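Chain and residue survey
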Protein chains: 2
Amino acid sequence: MTTIADVAALAGVSVATVSRTLHGSARVDPRTREKVRAAAAALNYVASPTAMSLASGRTNVVAVVAPLMSRWFFATIVVTIEQELRKQGYHALLIILEGEGEDSGMRMEMFAKRVDGILSLNVRPSPAELAMLERLRLPIVAVGMPLGRWPRVHIDDAAAVRSAVEHLVSLGHRDIGYVGTSDISYAHMSTPSVRVEAFHAAIDESGLTPHPEWAIASEWTADAAARRVEQILRAEHRPTAILAASDEMAVGVIGAARWIGLEIPDDVSVMGIDDHTFAAVLGLTTIHQDVRAQGRAAVALLVSAMRGETPTTPDVEIPTYLIARETTAPLAPTDAT
Amino acid sequence: MTTIADVAALAGVSVATVSRTLHGSARVDPRTREKVRAAAAALNYVASPTAMSLASGRTNVVAVVAPLMSRWFFATIVVTIEQELRKQGYHALLIILEGEGEDSGMRMEMFAKRVDGILSLNVRPSPAELAMLERLRLPIVAVGMPLGRWPRVHIDDAAAVRSAVEHLVSLGHRDIGYVGTSDISYAHMSTPSVRVEAFHAAIDESGLTPHPEWAIASEWTADAAARRVEQILRAEHRPTAILAASDEMAVGVIGAARWIGLEIPDDVSVMGIDDHTFAAVLGLTTIHQDVRAQGRAAVALLVSAMRGETPTTPDVEIPTYLIARETTAPLAPTDAT
DNA sequence: TTGAAAGCGTTACCAT
DNA sequence: ATGGTAACGCTTTCAA
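What counts as what
- Residues numbered from 1 in each chain as written.
- Chains lettered and ligands numbered in written order.
- Predicted model: local features only at pLDDT ≥ 70, side-chain atom pairs only at ≥ 80, totals over all residues.
- Heavy atoms only, no water.
- Salt bridge = Lys/Arg side-chain N within 4 Å of Asp/Glu carboxyl O.
- Helix = DSSP H or I, 4+ residues; strand = E, 2+ residues; numbered from the N terminus.
- Buried < 20%, exposed > 50% of the residue type's maximum accessible area, 1.4 Å probe, protein only.
- Pairing = 2+ DSSP bridges.
- Axes fitted to C-alpha atoms, helices over the stretch in contact; angles between N-to-C directions.
- Near = heavy atom within 4 Å.
- Polar contact = N/O pair within 3.5 Å; in protein donor to acceptor, adjacent residues only side chain to side chain.

1. Let's talk about the pattern of salt bridges
All names here are of chain A.
- Taken as a whole, this structure holds 21 salt bridges over all chains when the rule is applied.
- In this structure, Arg152 engages Asp315 in a salt bridge whose closest nitrogen and oxygen atoms are separated by 3.8 Å. With a gap of 163 residues between them, Arg152 in strand 5 (residues 152-154) and Asp315 in strand 11 (residues 315-317) connect regions that are remote in the sequence.
- Note that Asp274 and Arg195 form a salt bridge whose closest N and O atoms lie 3.9 Å from each other. With Asp274 in strand 9 (residues 269-274) and Arg195 in helix 9 (residues 191-205), this residue pair connects regions lying 79 residues apart in the sequence. The same class applies to Asp274 as to Arg195, namely buried.
- Overlapping salt bridges bring together Asp157, Arg195 and Asp274 as one network.

2. So, the sheet that holds strand 5 of chain A
- Overall, mixed pairing links the 12 strands, which are arranged 11(A)-5(A)-4(A)-3(A)-1(A)-2(A)-2(B)-1(B)-3(B)-4(B)-5(B)-11(B) in an open sheet. The two strands at the open ends of the sheet, each matched to only one other strand, are strand 11 of chain A together with strand 11 (315-317) of chain B. Strand after strand, the sheet turns through a mean of 20 degrees between neighbouring axes, direction not considered.
- Where strand 1 (residues 61-66) of chain A lies against strand 2 (residues 91-96) of chain A, six bridges are found, and the strand directions are parallel. Bridging across to strand 2 of chain A, A:Val62 finds its partner in A:Ala92.

3. With respect to the protein's contact with DNA strand C
- Lining the immediate environment of DNA strand C, one finds 26 residues, of which A:Ile4, A:Ser19, B:Thr17, B:Arg20 and B:Thr32 sit closest.
- Restricting the count to atoms of DNA strand C within 4 Å of the protein gives a sugar and phosphate share of 67%.
- Note that a phosphate oxygen of DNA strand C is positioned 3.1 Å from one of the backbone N or O atoms of A:Ser48.
- Backbone polar atom of B:Asp29 to a phosphate oxygen of DNA strand C: 2.9 Å apart, as the coordinates give it.
- Those elements giving two or more residues to the surface near DNA strand C turn out to be helix 2 (15-22) and helix 4 (49-56) of chain A together with helix 2 (15-22) and helix 4 (49-56) of chain B.

Next up, the structure:
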């Protein structure tokens, strides 16, 4: 393997000078610089990241921590994050908490010393883990739920849910169901509870009669949502509209309606939240969230923190908006309920 | 930061002994071992991965290279891979080629020295990149398309396409369309061409009249497929069945049919390949592939290679099978075409 | 079984 | 502007 010493020898300078010209921004004589560059190129020299890290204390790696990857939101934001990090000269170490026990504290210690910073995607740490993160003294940026007092990029989940409910109410719906409460334990995730609470609040604000039995728990997948929603859709007295806490679950609701024989939106209106890639093609009414913007903002925040800058905007909120498509319609005047 | 020297001092032994007890499997006196363990625990000692790497030459990191992440296959296999790697004591460095120019050779040199091995997910490198990989002398395992002479885990794409066509033919369809040819350039990806070739071959084998105009190119997304398939679905003479090269595109076909006003499967049968999470709930007939099995096999292969073992099975094929659901049906006797 | 010490390849401080 | 040279924290060979 060719080392910095080889380059130094070929260029006729010291290793210190090679290091400076190649990385350090220190002033180097243009001619020296050229000699070194030429030597490095000739030898096809690539510095050892490992040695650089040990000597400098920086790794140029960022841990990207996510509870899951099999969901649209995470898969989407991770590609943006990887691209943005790359532009800034960082690599992404992927940490997926899925299948991890309650305490992933040990896990964090395992990668802590490998990275210069942490990007936490909707992770809800235990108090012990929080303390542990605190102790690492690493720059951290959270996406989604708040994480301690670290800078955060997020959407207004409550507002998203509220505007969804308002849309349905404006169409005349008064019997609204909801899929995606958090009864089912979701380690490391907290979006579910925020959204369901917003749902109940929105129902109250709209002056509708609450129907707690129509707010059902479900894993956040299409499959699970379909199975869970089937019961309330089959009931004699059923909601005329269903809001799913995610588009993925909304797809499940659409599937359930189909196999039950209910027409959408004639028999039941369905909407989701996210604006999943499939939403447009399936005609799903939803609340759009700009995932790429969240990824970009998060990386920008983290990079500036890793450079030692104090974040000017410790809280970035990315706006969401309603996209009305074909799965929602005004309540039919002759309603079966 | 607490270093190995601190632990050694507290335990009253040398740093060499600490290193041995903590990592090296060398024989250490049980009592010494205990003293060291206690000291390490008391000090909350975690070895510096960076220093370990520099000294040992191993990084315990594996590069997971994928052309994309926004598609079901990649997102799904990456979580399995991350979990399996973790079990074996490795971390996953995520490299997404998306948006990269033709030559990502430079990219590879950037991370090569950071990792002990490479997991290449359906990446099609340029000859120059291949040579570069060769030069790295790193253990590599490919998933999907073949990559040089490295061990590989894959499904039989041709067989999958063939059984899909056979299914449609057995239902009486003779006018079969196909979405997902590779006219549109797909850097770093080669599944498209393999599948489309298999499609044409299967049509031939079945003795059907080829309709090249019904084999259409499309980006591998639901949106694009919907737009692209619309034209042939609106034509006076249209196929009675459409095979999409992926379930994601099949969803697009379903969407297009819906907005054109075509009933599925009465007016047109639709099927995909993959068995995407949404397939079951949407009733999509498809060819199932076990993505997790592919991920597990790939990691097993790579780990054994990184341990210096010669792979016993340099080529692992994971079986696929047809799942007939509700988007395909026998050709209606009174066919409009 | 244990310890001493020579690396591992860079960075960064201190001279010059 | 450049060079010499301690670190950086650990592994591993060689002796004891």
